[in-house]
Amino acid sequence: QVQLVESGGGLVQAGGSLRLSCAASGRTSYAMGWFRQAPGKEHEFVAYISWRGERLYYADSVKGRFTISRDNAKNMVYLQMNSLKPDDTAVYYCAARTQYSVSYYSKEYDYWGQGTQVTVSS
């Protein structure tokens, strides 16, 4: 069993930065992903990091602006978000995937946090 708690969301102006954190407890030796969900839309893949951090994948919409990282000693996963745009406004979720292969699909992640709101004003 894995428990995930996100933090770090908030209101920021376009062009600004935020760093989201995801604290994991329980069994934590899993790959992790960040997803986001805007009102009326499906979960959208944002970024993925493997257990040891050697494999990183990003959605095209955030590539070059967002960075995913993890600190396994602290059971933490981070999403550094720079050059934020109004289109980045959403609830951001971290999720754990128990399978080894990378996935961009929310249904293939097994554990989810409660989400943190990110609002980018223009």
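Numbering of residues starts from 1 in each chain and follows the order in which that chain's sequence is written. pLDDT decides what is reported in this predicted model: residues at 70 or higher carry local features, side-chain atom pairs at 80 or more are listed and counted, and totals for whole chains, interfaces and linings draw on all residues regardless. Only hydrogens and water are set aside when side-chain values are computed; all heavy atoms of the structure are taken into account.

A.B. asks: Help me understand the state of the cysteines, please; the structure alone is not making it clear to me.
C.D. replies: Simply put, disulfide is the name for a covalent bond between the sulfur atoms of two cysteines. The definition used for a disulfide is geometric: two cysteine sulfur atoms within 2.5 Å. For the coordinates displayed, the defined rule picks out 1 disulfide. Here Cys 22 pairs with Cys 94 through a disulfide, and the sulfurs are 2.0 Å apart. Between Cys 22 and Cys 94 the sulfur-sulfur dihedral comes to about 55 degrees; the bridge is accordingly right-handed. Separated by 72 residues along the polypeptide, Cys 22 in strand β3 (residues 18-26) and Cys 94 in strand β9 (residues 90-97) bring together distant segments of the chain. Classification of residues uses two cut-offs on accessible area relative to the type maximum, computed with a 1.4 Å probe and protein chains only: under 20% is buried, over 50% is exposed, and between them is partly exposed. In this structure Cys 22 comes out as buried when scored by relative accessible area, which is 0%. Put simply, DSSP marks the helices as runs of H or I at least four residues long and the strands as runs of E at least two long, and each gets a number from the N terminus on.

A.B. asks: I tried to follow the sheet that holds strand β1 (residues 2-7) on my own but got confused; where do I start?
C.D. replies: Backbone hydrogen bonds are what pair the strands of a sheet, in a parallel or an antiparallel way. Pairing between strands requires that DSSP locate at least two bridges from one strand to the other. Pairing within the open sheet is antiparallel, and its 4 strands lie in the order β1-β3-β8-β7. Looking at strand neighbours, the two that pair on one side only are β1 and β7 (66-71), the edges of this open sheet. Averaged over all pairs of adjacent strands, the angle between strand axes in this sheet comes to 15 degrees, irrespective of strand direction. Summarising the sheet, β7 and strand β8 (residues 76-81) pair through 6 bridges and their orientation is antiparallel. In the strand pairing of β8, Ile 68 is matched with Leu 79. Only C-alpha atoms enter the line fits that serve as axes; for helices the fit covers just the stretch in contact. Angles between N-to-C directions range over 0 to 180 degrees.

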